[in-house]
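As a plain string of letters, each chain reads:
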Amino acid sequence: MAVKESFTRKVTRVFLVSNLSPIFILISILLGFVALIVTAREEEPQIVVPFVDITISFPGASAEEVEKLISTPVERKLMEIDGIEYVYSMSKPGISIITARFRVGEDKERSLVKLYDKLISTQHLLPPDVKGWSIKGISIDDIPIVTITLWSEKKGRL
């Protein structure tokens with residue numbers, strides 16, 4: 001009784017016995033080299049992701065007051081800007097730090113102008129005790145990809 005051979009087994013046997021196998025391997029290697037040469041590469045691709053840190057000073061206010069009176073209303077207004085993907089904030093006593101991230105590929109200058117215009121139009125919502133604010137643009141190159149912390153089990157020594 002003859003055992004029926006599977007398709008995979010037949011193909012394997014043909015490639016093991018055939019003289020065409022080395023030719024197929026050489027053609028595959030040559031095509032791989034051609035693909036490497038033809039494929040465009042850039043050593044350091046320029047990815048534009050506009051980030052902005054907005055620092056708003058509110059002296060004498062607790063973190064809860066800063067969050068309620070500064071961070072939350074400004075976050076809501078910034079989310080209205082076309083092109084903003086994320087807005088998040090950190091409220092500390094007397095200061096609010098709001099980070100706005102635009103979509104990848106948005107023009108950095110236009111993004112900053114839109115953000116500045118929105119902040120100017122939002123100023124009337126802020127309490128009169130606010131002592132000022134600053135906008136700092138952040139580049140994708142300013143963000144660390146690795147952070148190393150040195151510590152020791154023994155107190156006071158590294």
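Here we summarise the structure given alongside this text. Keep in mind it's a predicted model, so treat the numbers as computed, not measured. (Residues numbered from 1 in each chain as written. Predicted model: local features only at pLDDT ≥ 70, side-chain atom pairs only at ≥ 80, totals over all residues. Heavy atoms only, no water.)

**Observations concerning helix α4 (residues 108–122)**
- Along its 15 residues, α4 runs 21 Å from first to last C-alpha, staying within 8% of the 21 Å computed at 1.5 Å per residue.
- Within α4, burial applies to Ser-111, Leu-115, Leu-119 and Thr-122. In a view along the axis of α4, the buried residues occupy a sector of 65 degrees, so they form one face of it. Residues of α4 that are exposed and point over 90 degrees away from its buried face: Glu-109 and Arg-110.
- The inward-facing, buried residues of α4 contact β1 (51–57), α3 (63–78), β2 (84–92), β3 (95–102) and β4 (132–138). (Helix = DSSP H or I, 4+ residues; strand = E, 2+ residues; numbered from the N terminus. Expected span 1.5 Å × (residues − 1). Buried < 20%, exposed > 50% of the residue type's maximum accessible area, 1.4 Å probe, protein only. Arc of directions from axis to C-beta. Contact = heavy atoms within 4.5 Å.)

**Some remarks on the nonpolar core**
- Judged by nonpolar contacts, the single largest core of 19 residues is most densely connected at Ile-54, Leu-78, Ile-84 and Leu-115.
- Ranked by the residues each element gives to this core, the list is headed by α3, at 4 residues.
- Ignoring any residue separated from it by four or fewer positions in sequence, one finds Ile-84 in contact with Leu-78, Met-79, Ala-100, Arg-101, Phe-102, Arg-103 and Leu-115. (Core = buried A, V, L, I, M, F, W, Y, C linked by side-chain atoms within 4.5 Å.)

**Overview of empty space enclosed by the protein**
- Summed over all chains, the structure comprises 1 cavity of 30 Å³ or more.
- In this structure, the largest cavity encloses a volume near 50 Å³.
- Residue classes in the lining of the largest cavity are distributed as 5 nonpolar, 2 polar and no charged. (1 Å grid on protein atoms, 1.4 Å probe; cavity = no way out; pocket = protein on both sides within 12 Å on 5 of 7 lines; lining within 4 Å. Points joined across faces, edges and corners; volume = space filled by probe spheres on them. Nonpolar A, V, L, I, M, F, W, Y, C, P; charged D, E, K, R; others polar.)

**Points about the side chain of Ser-21**
- Structurally, Ser-21 is set in helix α2 (residues 21–38).
- A distance of 2.5 Å separates the side chain of Ser-21 from the backbone oxygen of Phe-15, its partner in a polar contact. (Polar contact = N/O pair within 3.5 Å; in protein donor to acceptor, adjacent residues only side chain to side chain.)

**Describing a nonpolar patch on the surface**
- A cluster of nonpolar residues, Phe-7, Val-11, Val-14, Phe-15, Leu-20, Ile-23, Phe-24, Ile-27 and Leu-31, forms a patch on the protein surface that exposes about 880 Å² of accessible area.
- Its location among the elements puts Val-11 in helix α1 (residues 7–17). (Patch = residues over 30% accessible without salt bridge, like charges linked within 9 Å, V, L, I, M, F, W, Y side chains within 5 Å. Areas by Shrake-Rupley, 256 points an atom, 1.4 Å probe, with all protein chains shown as cover. Salt bridge = Lys/Arg side-chain N within 4 Å of Asp/Glu carboxyl O.)

**Looking at the environment of Lys-131**
- Mapped onto the elements, Lys-131 comes out in the loop between α4 and β4.
- For Lys-131, a relative accessible area of 65% corresponds to the exposed category.
- Considering only alpha carbons, one finds Lys-131 and Ser-57, 74 residues apart in sequence, at a separation of 5.5 Å.
- With sequence-adjacent residues up to four places away left out, Lys-131 is seen in contact with Ser-57 and Pro-59.

**Side note on the side chain of Ser-111**
- By the secondary structure assignment, Ser-111 is in helix α4.
- Discounting residues that sit within four places of it in the chain, Ser-111 has contacts with Pro-50, Phe-102 and Glu-106.

**Quick notes on the packing of aromatic side chains**
- Tallying each qualifying case throughout the model produces 2 aromatic pairs.
- Ring plane angle 50 degrees and centroid distance 5.9 Å describe the contact between Phe-15 and Phe-24, whose orientation is recorded as tilted.
- What makes Phe-15 partly exposed here is its relative accessible area of 43%.
- On the accessibility criterion, Phe-24 (43% relative accessible area) is partly exposed.
- Ring centres of Tyr-116 and Trp-133 lie 5.9 Å apart, and the angle between their planes is 55 degrees; this geometry places the pair in the tilted category. Note that Tyr-116 is positioned in helix α4 and Trp-133 in strand β4, a separation of 17 residues in sequence.
- We classify Trp-133 as partly exposed; its relative accessible area is 22%. (Phe/Tyr/Trp six-rings, centres within 6.5 Å; stacked < 30°, edge-to-face > 60°.)

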